[in-house]
Amino acid sequence: MPDALKLLTTRRSFKPHELSGPPPSAAEIETLLTVASRVPDHGKLVPWRFIVFEGEARRAAGDAIALAFRSKYPDATAEQADAERERLARAPLVIAVVSRAAPHVKIPEWEQMLSAGAAAMNLVLAAYALGYGASWITEWYAYDRAVLDALGLRAHERIAGFVHIGRPPGPPQDRPRPPLSEIATRFRA
Ligand SMILES: Cc1cc2nc3c(=O)[nH]c(=O)nc-3n(C[C@H](O)[C@H](O)[C@H](O)COP(=O)(O)O)c2cc1C
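The structure contained in this document is the topic of the report that follows.

Reading the values: rules and limits
Residues numbered from 1 in each chain as written. Predicted model: local features only at pLDDT ≥ 70, side-chain atom pairs only at ≥ 80, totals over all residues. Heavy atoms only, no water. Helix = DSSP H or I, 4+ residues; strand = E, 2+ residues; numbered from the N terminus. Buried < 20%, exposed > 50% of the residue type's maximum accessible area, 1.4 Å probe, protein only. Contact = heavy atoms within 4.5 Å. Axes fitted to C-alpha atoms, helices over the stretch in contact; angles between N-to-C directions. Parallel < 35°, antiparallel > 145°, perpendicular 65-115°, else oblique. Left-handed = near helix turned anticlockwise from the far one by under 90°. Nonpolar A, V, L, I, M, F, W, Y, C, P; charged D, E, K, R; others polar. 1 Å grid on protein atoms, 1.4 Å probe; cavity = no way out; pocket = protein on both sides within 12 Å on 5 of 7 lines; lining within 4 Å. Points joined across faces, edges and corners; volume = space filled by probe spheres on them. Near = heavy atom within 4 Å. Polar contact = N/O pair within 3.5 Å; in protein donor to acceptor, adjacent residues only side chain to side chain. Areas by Shrake-Rupley, 256 points an atom, 1.4 Å probe, with all protein chains shown as cover. Phe/Tyr/Trp six-rings, centres within 6.5 Å; stacked < 30°, edge-to-face > 60°. Core = buried A, V, L, I, M, F, W, Y, C linked by side-chain atoms within 4.5 Å.

Details of the environment of Phe-162
Part 1 of the reasoning: Assignment of secondary structure puts Phe-162 in strand β4 (residues 158-166).
Part 2 of the reasoning: Using a relative accessible area of 0% as the deciding quantity, one classes Phe-162 as buried.
Part 3 of the reasoning: Excluding its chain neighbours within four sequence positions, the residues that come into contact with Phe-162 are Phe-53, Leu-88, Val-94, Ile-95, Ala-96, Ser-135, Trp-136, Ile-137, Thr-138, Tyr-141, Ala-142 and Leu-151.

Rendered as structure tokens:
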């Protein structure tokens, strides 16, 4: 499958604001979620779920982000609060990957979290395979309890990432990658 290899060896993230509309269709969103949920999952616990932010719902979620921002920074300007309200509206589609990792008799929570990371990466790759670009970010609001409550996250749930998806501006500029000689060794007895 040479096309898959090309995607994997050339993919780069874009900034959320570089990603433009039109957004993926309902059928494409279904494909994105289908691919994202097709990941290794020790114990078949499904230790992740997804929240789709599209259209005006992106700004409704942004209201909660702006509110939390104002309570953290009461001296913030109206412009700063407005920018926070736009956080999830920079790209035409945002899908949050939520980790549901929890204590389990057999499966370590670490492995459940890794599965959520795999779901996020599969989501990113599916976006590129459909011709979109993506940005996997968390930013401060992924760790803010008031925002998490407003988005419906339970106490043990965490944001693995807000994956921003849209049409890329053009071919990406590459960035340096770690030399394989520094990150891979061959085990020798
Ligand atoms: C869990 C996770 C959270 C991240 N959060 C942010 C973030 O909040 N802000 C940011 O600029 N990059 C964040 N990144 C990094 C970007 O996703 C991306 O790796 C980086 O921009 C370069 O990506 P590329 O090698 O895919 O081009 C995060 C990555 C991961 C895995």
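Some words on the packing of helix α3 (residues 57-72) against helix α4 (residues 78-85)
Part 1 of the reasoning: Remark: α3 packs on α4, axes separated minimally by 7 Å, with the N-to-C direction vectors making an angle of 140°. Put simply, α3 runs oblique to α4. Helix-helix and strand crossings are classified by hand; for α3 and α4 the assignment is right-handed. In this structure, α3 uses Arg-59, Gly-62, Asp-63, Ile-65, Ala-66, Phe-69 and Arg-70 to contact α4, whose residues at the interface are Ala-78, Gln-80, Ala-81, Glu-84 and Arg-85.
Part 2 of the reasoning: Its residues assigned to classes, the contact of α3 with α4 comprises 5 nonpolar, 2 polar and 5 charged.

Comments concerning the layout of surface pockets
Part 1 of the reasoning: In this structure, the largest pocket encloses a volume near 210 Å³.
Part 2 of the reasoning: What lines the largest pocket is Arg-12, Ser-13, Phe-14, Lys-15, Pro-16, Glu-18, Ser-135, Ile-137, Pro-169, Pro-171, Pro-172 and Gln-173.
Part 3 of the reasoning: Looking at the lining of the largest pocket residue by residue, the classes come out as 6 nonpolar, 3 polar and 3 charged.

Description of the side chain of Gln-112
Part 1 of the reasoning: Relative to the elements of secondary structure, Gln-112 occurs in helix α5 (residues 109-129).
Part 2 of the reasoning: Apart from the residues lying within four places of it in its own chain, the contact partners of Gln-112 are Leu-45, Pro-47, Arg-100, Ala-101, Ala-102, His-104 and Ile-107.

Section: the site of the ligand
Part 1 of the reasoning: Close to the ligand lie Arg-11, Arg-12, Ser-13, Trp-136, Ile-137, Thr-138, Glu-139, Ala-160, Arg-175 and Arg-177.
Part 2 of the reasoning: Arg-11 places a side-chain nitrogen or oxygen 2.8 Å from an oxygen atom of the ligand.
Part 3 of the reasoning: Starting from 630 Å² of accessible surface for the ligand in isolation, the protein chains cover 58%.
Part 4 of the reasoning: Across the shell around the ligand, the residue classes tally to 3 nonpolar, 2 polar and 5 charged.

Remarks on the environment of Glu-18
Part 1 of the reasoning: Locating Glu-18 in the fold gives a position in the loop between α1 (2-10) and α2 (26-36).
Part 2 of the reasoning: When the C-alpha positions of Glu-18 and Gly-166 are compared, they lie 8.2 Å apart, and in sequence the two are 148 residues distant.
Part 3 of the reasoning: When near neighbours in sequence (up to four residues on either side) are disregarded, Glu-18 contacts Arg-167, Pro-168 and Pro-169.
Part 4 of the reasoning: Polar contacts involving the side chain of Glu-18 include one to the main-chain amide nitrogen of Lys-15, which spans 2.7 Å.

Quick word on the packing of aromatic side chains
Part 1 of the reasoning: In the structure shown here, the tally under the stated rule is 7 aromatic pairs.
Part 2 of the reasoning: When the ring of Phe-69 is compared with that of Tyr-73, the centres are 5.1 Å apart and the planes differ by 50°; the resulting orientation is tilted.
Part 3 of the reasoning: Pairing Trp-140 with Tyr-141 gives two aromatic rings, centres 5.8 Å apart and planes at 90°, and the pair type is edge-to-face.
Part 4 of the reasoning: Taking relative accessible area as the criterion, Tyr-141 reaches 0% and is therefore assigned buried.

Structural notes on the nonpolar core
Part 1 of the reasoning: By size, the foremost hydrophobic cluster in this structure holds 24 residues, and its most contacted members are Leu-32, Leu-123, Ala-134, Val-163 and Ile-165.
Part 2 of the reasoning: Those elements that provide at least two residues to this core are α2, β2 (93-99), α5 and β4.
Part 3 of the reasoning: By residue number, the principal contributor to this core is α5, which donates 8 residues.
Part 4 of the reasoning: Apart from residues no more than four positions distant in its own chain, Ile-165 is found in contact with Leu-19, Pro-24, Leu-32, Ala-91, Pro-92, Leu-93, Ile-95, Leu-123, Ala-127, Tyr-132, Gly-133 and Ala-134.
Part 5 of the reasoning: Counting residues in hydrophobic clusters, the runner-up holds 18 residues, among them Leu-88, Val-94, Val-98 and Phe-162.

The quantities given are spatial measurements derived from coordinates; they are silent on function.
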